[in-house]
Amino acid sequence: MNHSTPEQPADVVARLRATFRTGRTRPVEWRTGQLRRLREMLTEGGPDLAAALHADLGKSSAEAYRTEIDFTIREIDHTLDHLDQWLRPESAPVPAHLGDDATAWTQYDPLGVVLVIAPWNYPAQLLLAPMVGALASGNAVVAKPSELAPATSAALARLVPAYLDTDAVAVVEGGVPETTALLAERFDHIFYTGNGTVGRVVMRAAAEHLTPVTLELGGKSPVFVDRGTDLDVVADRLARGKFLNAGQTCVAPDYVLTDPETAPALERALVRAVEALFGTDPAASAGYGRIVNERHFDRLSGLLDSGRVAVGGGSDRTSKYIAPTVLADVDPDAPVMREEIFGPILPLVTVPDLDAAIGFINDRDKPLALYVFSESDDTRRRIAAETSSGGLGHGLPLAHLTVSDLPFGGVGESGTGSYHGRYSIETFSHRKAVLEKPLG
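### Let's talk about the overall build of the protein chain
Here is step 1: A tally of helices and strands in the protein chain yields 13 helices and 18 strands.
Here is step 2: The C-alpha radius of gyration computed for the protein chain amounts to 23 Å, which stays within 12% of the reference 22 Å derived for 440 residues, consistent with globular compactness.
Here is step 3: Its C-alpha atoms give the protein chain principal-axis dimensions of about 80 × 60 × 35 Å.
Here is step 4: Taken over 440 residues, the protein chain has a buried fraction of 54%.
Here is step 5: Intrachain contacts of the protein chain at a sequence separation of at least 6 include 72% that bridge at least 24 residues.
Here is step 6: When the accessible surface of the protein chain is split by element, carbon and sulfur atoms take 52% of a total near 18,300 Å².
Here is step 7: Looking at charge distribution, the protein chain has the averaged site of its 41 positive side-chain charges lying 2 Å from that of its 58 negative ones.

### Looking at the pattern of salt bridges
Side chains bearing opposite charge may pair, as long as their charged atoms lie close to each other.
Here is step 1: Enumeration over the complete set of coordinates arrives at 28 salt bridges.
Here is step 2: Between Arg158 and Asp48 there is a salt bridge, with its nearest N and O atoms 3.8 Å apart. Taken as a pair, Arg158 in helix H5 (residues 150-163) and Asp48 in helix H2 (residues 28-57) lie far apart in primary sequence, 110 residues in all.
Here is step 3: The exposure class assigned to Asp48 is partly exposed, which follows from its relative accessible area of 39%.
Here is step 4: Of the charged contacts in the structure, one is a salt bridge between Glu90 and Arg431, with a shortest N-O distance of 2.5 Å. Of this pair, Glu90 sits in strand E1 (residues 90-92) while Arg431 sits in strand E18 (residues 429-436); the two residues are 341 residues apart in sequence, bridging distant segments of the chain.
Here is step 5: According to the relative accessible area criterion, Glu90 is partly exposed, its value standing at 46%.
Here is step 6: Here the salt bridges share partners, and the residues they tie into one network are Glu7, Arg15, Arg24, Asp165 and Asp167.

### Here's the deal with helix H1 (residues 9-21)
Here is step 1: Look at H1: 18 Å from first C-alpha to last across 13 residues, which is about the 18 Å you get at 1.5 Å a residue.
Here is step 2: Within H1, the full set of buried residues consists of Pro9, Val12, Val13, Arg15, Leu16, Arg17, Thr19 and Phe20.
Here is step 3: Along its buried surface, H1 packs onto strand E2 (103-110), strand E3 (113-117), strand E4 (140-144), strand E5 (169-171) and helix H6 (176-183).

### Topic: the packing of aromatic side chains
Here is step 1: What the rule picks out here adds up to eight aromatic pairs.
Here is step 2: Put simply, the rings of Phe191, Phe408, Tyr419 and Phe428 touch in pairs and so form one group of aromatic residues.
Here is step 3: A cation sits over an aromatic face here: Arg364 above Phe360, 3.5 Å from the ring centre.

### A closer look at the nonpolar core
Within soluble globular proteins, side chains that are nonpolar generally end up buried alongside one another.
Here is step 1: Met41, Met131, Val142, Ile190, Val225, Val251 and Leu257 are the most contacted members of the largest nonpolar core, which totals 130 residues.
Here is step 2: In terms of residue count, H2 provides more of this core than any other element does, ten residues in total.
Here is step 3: In contact with Met131, not counting residues within four places along its chain, are Val116, Val141, Ala143, Leu164 and Val169.

### A look at the sheet that holds strand E17 (residues 415-416)
Here is step 1: Read from one edge of the open sheet, six strands run E5-E4-E3-E6-E7-E17, paired in mixed fashion. Pairing within the sheet leaves two strands with one partner each, and these edge strands are E5 and E17.
Here is step 2: Alignment of E3 against strand E6 (residues 189-193), held across four bridges, turns out to be parallel. The partner of Val114 across the bridge, within E6, is His189.
Here is step 3: Docked against the sheet, helix H4 (residues 125-136) engages E3, E4, E5 and E6, running at close to 170° with respect to E4.

### Comments concerning the packing of helix H3 (residues 61-87) against H4
Here is step 1: Running from N to C, H3 and H4 cross one another at 10°; their axes reach a closest spacing of 10 Å. Classified by the interaxial angle, the pair formed by H3 and H4 is roughly parallel. Of the two elements, H3 crosses H4, and the hand of that crossing is right-handed. Contacts between H3 and H4 involve Thr67, Glu68, Phe71, Thr72, Glu75, Ile76, Thr79, Leu83 and Leu87 from the first element and Gln125, Leu128, Ala129, Val132 and Ala136 from the second.
Here is step 2: For the contact of H3 with H4, a count of residues per class yields eight nonpolar, four polar and two charged.

### Here we look at the sheet that holds E18
Here is step 1: Across the sheet, three strands lie side by side as E1-E2-E18; this open sheet has antiparallel pairing. At either margin of the open sheet sits one strand with a lone partner, and together these are E1 and E18. For this sheet, the mean inter-axis angle between neighbouring strands, taken without regard to orientation, is 30°.
Here is step 2: Of the pairings in the sheet, the one linking E1 to E2 comprises three bridges and is antiparallel in character. Residue Glu90 lies in a different strand from E2, and its bridge partner there is Thr106.

### Observations concerning the side chain of Asp259
Here is step 1: As for its position among the elements, Asp259 is in the loop between strand E9 (255-258) and helix H9 (263-278).
Here is step 2: For Asp259, a relative accessible area of 4% puts it in the buried group.
Here is step 3: In this structure Asp259 touches Arg227, Thr350, Val351 and Pro352, once residues within four positions along its chain are discounted.

### A short note on helix H8 (residues 231-243)
Here is step 1: Helix length check: H8, at 13 residues, gives a terminal C-alpha distance of 17 Å against a target of 18 Å (1.5 Å per residue), a fit within 8%.
Here is step 2: Looking only at H8, the buried set comprises Leu231, Val234, Ala235, Leu238, Ala239, Gly241, Lys242 and Phe243.
Here is step 3: The backbone nitrogen of Asp232 has a side-chain oxygen 3.2 Å away, supplied by the residue at the start of H8, namely Asp230.
Here is step 4: Taken from the residues just after H8, Asn245 is the one with a positive phi, measuring 55°.

### Let's talk about the packing of H2 against H4
Here is step 1: Running from N to C, H2 and H4 cross one another at 160°; their axes reach a closest spacing of 8 Å. One finds that H2 runs roughly antiparallel with respect to H4. Residues Trp30, Arg31, Gln34, Leu35, Leu38, Met41 and Leu42 of H2 touch H4, and the partners they reach there are Leu128, Val132, Leu135 and Ala136.

Conventions used here
Residues numbered from 1 in each chain as written. Predicted model: local features only at pLDDT ≥ 70, side-chain atom pairs only at ≥ 80, totals over all residues. Heavy atoms only, no water. Helix = DSSP H or I, 4+ residues; strand = E, 2+ residues; numbered from the N terminus. Rg over C-alpha atoms; globule rule 2.2 N^0.38 Å. Buried < 20%, exposed > 50% of the residue type's maximum accessible area, 1.4 Å probe, protein only. Contact = heavy atoms within 4.5 Å. Areas by Shrake-Rupley, 256 points an atom, 1.4 Å probe, with all protein chains shown as cover. Lys, Arg positive; Asp, Glu negative; His and termini not counted. Charge placed at Lys NZ, Arg CZ, Asp CG, Glu CD. Salt bridge = Lys/Arg side-chain N within 4 Å of Asp/Glu carboxyl O. Expected span 1.5 Å × (residues − 1). Phe/Tyr/Trp six-rings, centres within 6.5 Å; stacked < 30°, edge-to-face > 60°. Lys NZ or Arg CZ within 6 Å of the ring centre and 35° of its normal. Core = buried A, V, L, I, M, F, W, Y, C linked by side-chain atoms within 4.5 Å. Pairing = 2+ DSSP bridges. Axes fitted to C-alpha atoms, helices over the stretch in contact; angles between N-to-C directions. Parallel < 35°, antiparallel > 145°, perpendicular 65-115°, else oblique. Left-handed = near helix turned anticlockwise from the far one by under 90°. Nonpolar A, V, L, I, M, F, W, Y, C, P; charged D, E, K, R; others polar. Polar contact = N/O pair within 3.5 Å; in protein donor to acceptor, adjacent residues only side chain to side chain.

Structure below.
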């Protein structure tokens, strides 16, 4: 069925709920069919999505494919390879008082109609990757792309109904009014990726219907660089992780903690790493993106004087360009340390030792990610045991979220719930307990 006339959010939800109640989305064949069609959409519509991502964020085609299109295809392939295994009922032991003819097991049931609200920084991946889990779990899905990435939103609104079952999957475009109208409806799960302010709005709206939520938020993800590490390797990996998508990544390194003796050498290594990646004029680099809009540009520009500029510092509001910037000698109370940066600015903060670094991290909100560069087993063990974060990466930032068999999610202020791989099935399903006792 082709629904070309724009519908009100209430009508969209009612239509998808009617479809779900027919049982249409439950068979594994429907689920895998939708995943294969989604894969086909990404393969055939990849150039259109890459062009839209360039229009919205200045992403190169290579970055668009690596971090959004191919990323989602890998998630689809992994799910298709393992879905039968994940959905298999799991037997449970039965106590003796129920008799030896009783059996018990758990099975995954679809939740119903799921709402996925995506952010603007990875506007294709962060809409479609959660949808992979929702569809694999047998749900109907309302997809809300970000209005702050309008070209990508329009591309998704055009492509999704051309490939997926329009009676069970719908894209609702728009801004705050449309999102507010959607949140007034009853869903069986809401999956939101974005910031904590809007996350609270989502949770309050969900509470009206006792709807479970997954909140993928952000925060200031710290880095600890231990003395005695190979600083050229550290700097290269930090620069690649930090300045991907012009720093607009929820798990990007937000700030670096190291001791006063290591800081000057690390600073010099970061200057070399930035130049090696983007040249002496990053504005001319085809691999370096732009800030999403003027509001975020102005916010980031106001943080550039929070420390001594070691490299970068340049900006151009017309093109929404902010150079990849490293700030040295940053005070812990500087403006750049008071909020999640979410842009291409990397502050270096000195602390006396590991104890001080652990205390610094624990005095702040629990981050979405924490990265450690250390050759010491004891240092790695202590940070793992004495801090709390959504994810922990030793020696490499960002990479943990590319492992489909690892849960991706936050803790505390950085979010609640997780997804990817089988963890998406757990998020978008109900694990139902079943007991069977013959009447005879």
